[in-house]
Amino acid sequence: MTQIIFRATTATTVAAGGVITTNAVQLLPNWAPPIQYVGTTDPWHAIYMSNTTMVDGSWAAPNGKRYQAKVRAYGRKSTLHSGRECFATNRRIENQYGSVRPSAFYVFTYRAIGEIARP
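Residues numbered from 1 in each chain as written. Predicted model: local features only at pLDDT ≥ 70, side-chain atom pairs only at ≥ 80, totals over all residues. Heavy atoms only, no water.

Colleague: Can you tell me about the packing of aromatic side chains, naming the residues and giving the values?
Modeller: Scanning all chains against the criterion turns up five aromatic pairs. An aromatic cluster is built from Phe6, Phe87, Tyr106, Phe108 and Tyr110, whose rings are joined through pairwise contacts. (Phe/Tyr/Trp six-rings, centres within 6.5 Å; stacked < 30°, edge-to-face > 60°.)

What follows is the structure in structure tokens.
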């Protein structure tokens, strides 16, 4: 399994079976391998953290607290985000709280294209 750590962008909540839209998305960094598969149970959940206060939907997440987000959709579409690889979760991440810009980031586990899968 590939595991990457990167700064979160902004996403909206996506229902189970939902689709990626222009807003409901986290873009993978350009250096990340493309996604082949993301499961729906541990250890596949995306975990996000912050070293300062951030907002998840309508509530503040305290410093250093970790939260799991279930991946609802993933992949790429040429008409969205210039064809960049992306995924959407069941939690909304707002990378701004008041006048402070927290450094929220994801720890994202997935199977990359071409990666050897073990049974």
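Now, onward.
Colleague: Run through unusual backbone geometry, naming residues and quoting values.
Modeller: For histidine 81, which is not glycine, the phi torsion reads 55 degrees and is therefore positive. Within the secondary structure layout, histidine 81 lies in the loop between strand E8 (71–75) and strand E9 (86–89). With a phi angle near 55 degrees, serine 82 is a residue other than glycine that sits in the positive phi range. Checked against the element boundaries, serine 82 lands in the loop between E8 and E9. A relative accessible area of 74% places serine 82 in the exposed class. (Helix = DSSP H or I, 4+ residues; strand = E, 2+ residues; numbered from the N terminus. Buried < 20%, exposed > 50% of the residue type's maximum accessible area, 1.4 Å probe, protein only.)

Colleague: Describe the sheet that holds E9, listing the residues and the values that go with them.
Modeller: Sheet architecture is open: three strands sit in the order E2-E9-E8, paired in antiparallel fashion. The open sheet is flanked by strand E2 (26–27) and E8, the only strands paired with a single partner. Bridging between E8 and E9 involves four bridges; their strand directions are antiparallel. Bridge pairing in E9 links alanine 73 to alanine 88. (Pairing = 2+ DSSP bridges.)

Functional significance is not addressed by these values, which are geometric in nature.
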